[in-house]
Amino acid sequence: MASSLRALRPALSTLSRASRTTALRQFSPAVTLNAGRQIRTFTDDVHNTPVFHLTEEENMLKEVVSKFSNDVILPKVRDMDEAETLDKSVLEGLFEQGLMGIEIEEEYGGSGMSFTAAIVAIEELARIDPSVSVLCDVHNTLVAQAFRKWGSKALKEKYLPRLATESCGSFCLSEPASGSDAFALQTKAVKKGDGYVLNGSKMWITNAMESEIFIIFANINPDAGYKGITAFVAEKNFPGFSIAKKEKKLGIRASSTCVLNFDDLYIPKENILGEEGQGYKYAIGILNEGRIGIGAQMTGLALGAWENAVKYCWNDRKQFGKLIGENQGLRFQIAQARLEIEAARALVYNAARTKAAGANFVMEAAMAKLYASQVAGKVSGQAVEWMGGMGFVREGLAEKFWRDSKIGAIYEGTSNIQLETISKILQKQYTN
Amino acid sequence: MSTLRILVPVKRVIDYAVKPRVNKAQTAVEIAGVKHSMNPFDELSVEESVRLREKHTNKTVEDILAISIGPPKAADTLRTAMAMGCDRSIHVEVPEKDEMLEPLQVAKVLKEVVEKEGRNLVILGKQSIDDDSSQTGQMLAGLLGWGQACGASEVVLDGEYLKVTKEVDGGTEVVRGKLPMVVTTDLRLNEPRYASLPNIMKAKKKKLEKKKLEDFEFRAVNRLKNLKVSEPPPRQGGGKVEDVDGLISKLKELGAL
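Everything numeric in this text was worked out from a predicted model, so none of it was measured.

Reading the values: the criteria
- Residues numbered from 1 in each chain as written.
- Chains lettered and ligands numbered in written order.
- Predicted model: local features only at pLDDT ≥ 70, side-chain atom pairs only at ≥ 80, totals over all residues.
- Heavy atoms only, no water.
- Helix = DSSP H or I, 4+ residues; strand = E, 2+ residues; numbered from the N terminus.
- Polar contact = N/O pair within 3.5 Å; in protein donor to acceptor, adjacent residues only side chain to side chain.
- Contact = heavy atoms within 4.5 Å.
- Buried area = accessible area lost by both parts, 1.4 Å probe.
- Salt bridge = Lys/Arg side-chain N within 4 Å of Asp/Glu carboxyl O.
- Expected span 1.5 Å × (residues − 1).
- Bend = angle between axes of the 7 residues up to and from the residue.
- Buried < 20%, exposed > 50% of the residue type's maximum accessible area, 1.4 Å probe, protein only.
- Phe/Tyr/Trp six-rings, centres within 6.5 Å; stacked < 30°, edge-to-face > 60°.

**Q** What's the story with the environment of Ser114 of chain A in this structure? I'm lost.
**A** Residue and element names in this part refer to chain A. Here Ser114 shows up in the loop between helix H5 (88-96) and helix H6 (115-128). Once the C-alpha coordinates of Ser114 and Ala356 are considered, the two residues, 242 residues apart in sequence, prove to be 8.0 Å apart. Separated by 2.8 Å, the side chains of Ser114 and Glu58 make a polar contact.

**Q** Help me understand the interface of chain B and chain A in this model?
**A** Many structure descriptions define interface size as the accessible area lost when the parts assemble. Taken together, the contact between chain B and chain A spans 16 residues of the former and 20 residues of the latter. Summed over both sides, the interface of chain B with chain A buries roughly 1600 Å², with 62% coming from carbon and sulfur. Together, Tyr194, Leu197 and Met201 of chain B form the three largest contributors to the area buried by chain B at its contact with chain A, with a combined 45%. Taken together, chain B and chain A are joined by four salt bridges. For the salt bridge of Arg79 of chain B with Glu56 of chain A, the shortest nitrogen-to-oxygen distance reads 3.0 Å.

**Q** Help me understand helix H9 (residues 279-315) of chain A in this model?
**A** Two residues of an α-helix separated by three or four positions point the same way, owing to the 3.6 residues in each turn. All names here are of chain A. Spanning 37 residues, H9 covers 53 Å between terminal C-alpha atoms, matching the ideal 54 Å at 1.5 Å per step. Taken as a whole, H9 carries its principal kink of about 25° at Asn288. H9 sits mainly inside the fold: 29 of its 37 residues count as buried.

**Q** Can you walk me through the packing of aromatic side chains in this structure?
**A** Geometry of an aromatic ring pair is reported as the spacing of the ring centres plus the angle between the planes. All names here are of chain A. The full count for this structure, using the stated rule, is eleven aromatic pairs over all chains. Aromatic pair Phe147 and Tyr159: ring centres 5.5 Å apart, planes at 40°, arrangement tilted. You can see Phe147 sitting in helix H7 (residues 130-150) and its partner Tyr159 sitting in helix H8 (residues 153-165), a full twelve residues away along the chain. Neither residue differs from the other here; Phe147 and Tyr159 are each classed as buried. Seen from their ring centres, Phe241 and Phe262 are 6.1 Å apart, and the 35° between their planes marks the pair as tilted. Here Phe262 lies in strand E7 (residues 257-268) and Phe241 lies in strand E6 (residues 241-246), a separation of 21 residues in the sequence. Taken individually, Phe241 and Phe262 each receive the classification buried, so the pair is uniform in this respect.

In structure tokens form, the structure reads like this:
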């Protein structure tokens with residue numbers, strides 16, 4: 001997919017819209033272009049390069065994040081998982097390193113880097129701790145991104161500098177009765193004075209314990225159905241906002257997941273993100289991008305689990321007079337697992353570059369997220385087995401990677417939702 | 001209070017965490033496809049220079065210039081130095097090959113840069129972790145006729161003077177010298193920062209000047225030739241003895257007693 005898109009690029013600029021579509025159908029049925037947008041400029045320097053090629057600053061970022069993860073996060077991973085809390089110093093470190101404002105423009109105190117840079121950072125963090133990775137992912141690819149895309153100038157000026165340097169953010173869409181069926185949400189917003197009053201509750205809200213800024217989706221006109229859904233910006237200290245419960249989870253336990261209650265939560269008019277009634281569009285759009293981030297979290301997790309196990313198999317554990325990694329049975333499993341990781345990474349990086357190129361990336365993102373989570377689950381499970389007893393005990397990280405992998409099939413669109421998205425797009429392409 | 005114009009030489013070396021391997025021809029250590037990064041001692045130099053600027057009133061440090069003599073990839077190392085806080089850099093590009101420049105050659109190039117760029121303080125690593133020569137700083141001080149303080153664990157600026165604490169066998173030694181000076185850094189001097197993302201982006205806009213060895217008056221010629229590089233022989237497993245008597249009888253058996 002990657003090479004065919006790239007091979008087509010020189011041709012794309014000269015082809016007319018109609019023939020472009022034909023050309024794509026012919027050579028690469030998997031790639032659909034947004035016909036409304038011209039593909040001329042590429043924000044990343046990706047001309048005729050391998051899909052894993054990184055720009056100079058992306059390479060530097062990768063190195064810095066890897067160093068930070070190994071030096072600062074790694075010593076705390078086990079304790080944070082046992083305590084089911086994020087160490088404050090880790091969050092402070094993320095802000096200090098500029099990892100909470102990767103794409104936020106420099107004028108707002110961010111780093112002004114590319115979307116792919118965010119993907120690289122999320123992947124590198126997940127190699128060490130998928131919990132920290134998801135915090136960084138949600139904050140950057142959902143919350144900050146929503147402000148950047150749809151926030152008014154005033155909202156951007158007020159919140160982006162805080163998001164980049166000191167305040168964590170949460171994205172509040174899911175509710176007790178609306179998960180995959182996100183647009184069935186029940187939280188209502190009623191006009192009052194110069195703003196809205198929100199009542200209802202949200203569930204499965206990532207980062208909620210750490211966050212100070214919340215994007216809340218609520219319906220201002222239930223009669224209009226999903227067309228009443230509107231995005232609001234609330235802060236932790238707004239009267240009527242409360243955290244009802246912190247969930248105890250199977251995996252990514254250092255990342256907080258909470259139930260939120262809104263009891264006459266007043267939100268001033270200027271805190272409406274974008275336009276009234278457009279919330280459903282924003283939610284779909286941002287989650288499509290977010291899936292690439294979760295894909296990166298899952299490939300990072302798979303890589304971390306794989307590396308952790310092979311180091312043990314090839315350096316430490318001897319049975320029958322030789323390292324267990326010398327046995328062909330294990331060698332071949334190790335090779336196969338790495339192959340699957342690289343295939344998943346290719347999907348993730350291709351999806352990221354496709355988005356950067358301004359092309360339609362919905363199916364690419366769904367495929368990347370789906371496959372990456374499948375590979376993560378499989379490889380981290382195998383890694384436990386390769387390490388035997390040492391993989392099963394809660395001393396090392398093998399069992400934790402496996403527990404952490406489970407969420408990949410659940411959040412930001414379950415595996416079935418991804419399959420539904422992929423098959424819908426394909427059906428449209430192949431229906432006469 | 002004097003204004004500091006600092007030169008920080010940095011070197012791109014095989015990453016400290018990588019286990020080096022000798023190439024097949026036994027002429028050098030394998031460098032192709034091996035992870036490289038900034039010499040750890042040089043990270044300390046960069047950090048100390050940046051801290052000198054942060055610790056003192058503005059304008060105490062006029063500018064921090066990083067320099068590297070190395071293959072095209074050494075530019076990455078300079079970008080890192082600039083992302084950590086250096087203001088600009090010079091890359092003296094030399095082709096990637098097995099033989100490295102020797103300390104005297106490096107020192108002579110640095111001397112020319114010091115004079116041309118009007119430097120009055122050079123902070124450099126006490127050694128690089130690849131050839132471990134540990135000579136460049138001293139040679140540079142000698143060529144310039146400047147004072148030197150090697151293996152610094154603390155550097156304090158006091159007007160025209162630098163007070164440098166050095167760890168020596170059995171304690172510490174404190175020396176005081178008048179600028180201009182050469183200081184080499186030791187491991188306990190500081191903890192180098194990570195380059196933050198915004199600073200990585202800012203480093204992109206900082207000036208990186210390309211030069212070649214031919215641009216310098218001094219002509220580089222290596223005086224030593226590597227004849228052979230080999231890995232240390234693998235350790236032979238020893239035997240265990242139960243007690244002192246066992247040890248004595250073993251030593252007698254081997255004819256050592």
